[in-house]
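Secondary and tertiary structure notes
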Amino acid sequence: MHFSGAFTALVTPFRNGELDEEAYRAFIEWQIEQGIDGVVPCGTTGESATLSHAEHGKVIRVCVEQVAGRVPVLAGAGSNNTREAVELTRYAKDAGADGALLITPYYNKPTPAGLVEHFKAIAREVSLPFVVYNVPGRTALNLAPETLARIRKAVPEVVGVKEATGDLKQVSDIIEIMGPDFNVLSGDDFTVLPLLALGGTGVISVVSNIVPGPMAALCAAYRERDLEKAKALHFQMMPLTRAMFFETNPIPVKTSLALMGRIALELRLPLVEMVPETRARMEGVLKASGLI
């Protein structure tokens, strides 16, 4: 399976403590209309950490139904508990997702051998294309390129990595070691363009929740070797990208979508609404970008 271009790490809209299915379907439809290349339900941006298993399965199912085969669906299904990761990956497969995004186990801090066994155990139970998610800022563990190569050798289902270190040397090492057929997706909106320049295939993006068109256009421009257009889009989105991380993701992006009238502003504890000063600063950026 080839995962390339701009994938949106979808927010999960809530209303009165439940999934707002109507808003979610409309949001996915808008993303596709805007030209997004793929979607990722139940990732970090989708507040997967606070979804029940039943909700997790429902969010993926609704997403797959709404997409109806028009773009790939890469469903978040990872956990620091291998048994739970198996169960969530099974939900993704049963729902008809095109692949599963599997975070490296957080908190436990497994050894390289433990990481290999974790992904082997999931693949033994559920065969589906896997994209490994490396985000040391949330897991307290960096997946070294050499360990990724060991995982890929042991688990052929692993077809890519979402690399969220922002470390371009590491990205370069991964592409050098893994070869041109391996999908290397940016998990860091600030470094999409340089990652593509090194041979990466695309991005799983936070900012594309609010600007799906420009992020998809950046990836397309690079693919078409229009570097000037790609650079212009990179710098055009940079103020918005910074604003999406004024506070913990997905607080700013959900607030932005609420201001844009696309979802109700509802977060799940332990996430809370932005402090007024930061929100005002973010609103200024959204206004300057013509989004509100």
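Now for a description of the structure that goes with this document.

Cut-offs and rules
- Every chain is numbered independently, its residues counted from 1 as its sequence is written.
- Owing to the predicted nature of the model, reporting of local features is limited to residues with pLDDT of at least 70; listing and counting of side-chain atom pairs is limited to 80 or more, with chain, interface and lining totals taken over all residues.
- Side-chain numbers come from the whole structure's heavy atoms, not from hydrogens or water.
- Being paired, for any two strands, means DSSP has found at least two bridges between them.
- Put simply, DSSP H or I for four residues or longer makes a helix, DSSP E for two residues or longer makes a strand, and each gets a number counted from the N terminus.
- An axis is simply a line fitted to the C-alpha atoms; with a helix, the fit covers only the stretch in contact. Between two such axes, the angle follows the N-to-C directions and lies from 0 to 180 degrees.
- Any carboxyl oxygen of Asp or Glu within 4 Å of a side-chain nitrogen of Lys or Arg constitutes a salt bridge here.
- Categorising residues by exposure relies on relative accessible area from a 1.4 Å probe, with only protein chains included: less than 20% of the type maximum marks a residue as buried, more than 50% marks it as exposed, and the intermediate range marks it as partly exposed.
- In summary, the pairing rule links any two rings of Phe, Tyr or Trp, Trp by its six-membered ring, whose centres are within 6.5 Å, and it sorts them by plane angle into stacked for under 30 degrees, edge-to-face for over 60 and tilted for everything else.
- Multiplying 1.5 Å by the residue count of a helix minus one yields the expected span of that helix.
- Only heavy atoms enter the contact rule, under which two residues are in contact if any of them lie within 4.5 Å.
- Classification remark: right-handed applies to a crossover when, strands pointing away from the viewer, the course from the first strand over the helix to the second runs clockwise.
- For our purposes a nonpolar core is just a set of buried Ala, Val, Leu, Ile, Met, Phe, Trp, Tyr and Cys residues, chained together by side-chain atoms within 4.5 Å.
- Definition of a polar contact: a pair of N or O atoms within 3.5 Å, with one able to donate and the other able to accept a hydrogen when the atoms are protein atoms, and with sequence-neighbouring residues admitted only if both atoms are side-chain atoms.

1. Describing the sheet that holds strand S5 (residues 74-76)
Taking strand neighbours across the sheet as the criterion, the eight strands line up as S4-S1-S10-S9-S8-S7-S6-S5 in an open arrangement whose pairing is parallel. If you trace the sheet from one side to the other, it starts and ends with strand S4 (38-40) and S5, each paired once. Within the sheet, the average angular offset between the axes of one strand and its neighbour, ignoring direction, is 30°. Here strand S7 (residues 130-134) runs beside strand S8 (residues 158-163); their pairing, made up of five bridges, is parallel. Across the sheet, residue asparagine 134 finds its bridge partner in S8, namely glutamate 163.

2. Describing the pattern of salt bridges
With the rule as written, the count across this model stands at twelve salt bridges. Arginine 70 serves as the salt-bridge partner of glutamate 29, at 2.7 Å between the closest nitrogen and oxygen. Note that glutamate 29 is positioned in helix H1 (residues 21-33) and arginine 70 in the loop between helix H2 (53-67) and S5, a separation of 41 residues in sequence. Judged by its relative accessible area of 21%, glutamate 29 falls in the partly exposed class. Measuring nitrogen to oxygen at the nearest pair gives 3.3 Å for the salt bridge that ties arginine 90 to glutamate 125.

3. A look at the packing of aromatic side chains
The tally for this structure, following the rule as stated, stands at three aromatic pairs. Relative to phenylalanine 7, the ring of phenylalanine 3 lies with its centre 6.0 Å away and its plane at 75°, an arrangement referred to as edge-to-face. Seen in terms of ring centroids, phenylalanine 190 and phenylalanine 245 are 6.0 Å apart; in terms of plane orientation they differ by 45°. Their pairing is tilted. Here phenylalanine 190 is found in the loop between strand S9 (183-186) and helix H8 (192-198), whereas its partner phenylalanine 245 is found in the loop between helix H10 (227-243) and helix H11 (251-259), with 55 residues between them in sequence.

4. Notes on H2
Between its first and last C-alpha, H2 extends 21 Å over 15 residues, near the 21 Å set by a 1.5 Å rise per residue. Every buried residue of H2 is listed here: Glu55, His56, Gly57, Val59, Ile60, Val62, Cys63, Val64, Gln66 and Val67. At its buried positions, H2 is contacted by strand S3 (18-19), H1, S4, S5 and helix H3 (82-95). In the stretch just after H2, alanine 68 is the one whose phi turns positive, near 50°.

5. Describing the pairing of strand S6 (residues 99-103)
Within S6, five of the five residues are buried, leaving the element largely enclosed by the surrounding structure. Along S6, one buried face is formed by Gly99, Leu101 and Ile103 and the opposite face, lined by Ala100 and Leu102, is buried too. Pairing between S5 and S6: three bridges, direction parallel. Residue pairing for S6: glycine 76 is matched across the bridge by leucine 101. Taken together, S5, H3 and S6 form a β-α-β motif whose crossover is right-handed. Taken together, the four bridges between S6 and S7 define a ladder with parallel strand orientation. In the strand pairing of S7, alanine 100 is matched with phenylalanine 130. For the crossover that starts at S6, traverses helix H4 (residues 112-125) and ends in the parallel S7, the hand is right-handed.

6. Notes on the nonpolar core
With 85 residues, the main nonpolar core has Phe130 and Ile210 as its most contacted residues. Discounting chain neighbours no more than four positions away, the residues touching phenylalanine 130 are Thr89, Ala100, Leu102, Phe119, Ile122, Ala123, Val155, Glu157, Val158, Val159 and Gly160. Phe7, Val131, Tyr133 and Leu185 belong to the second-largest nonpolar core, a separate cluster that totals 14 residues.

7. Quick notes on H3
Taking 1.5 Å per residue, 14 residues should reach 20 Å; H3 reaches 20 Å between its end C-alpha atoms and fits that length. Taken residue by residue, H3 has Ala85, Val86, Leu88, Thr89, Ala92 and Ala95 as its buried positions. Capping the start of H3, asparagine 81 holds a side-chain oxygen 3.0 Å from the backbone nitrogen of arginine 83, two or three residues further along. Downstream of H3 by one or two residues, glycine 96 has phi in the positive range, about 95°.

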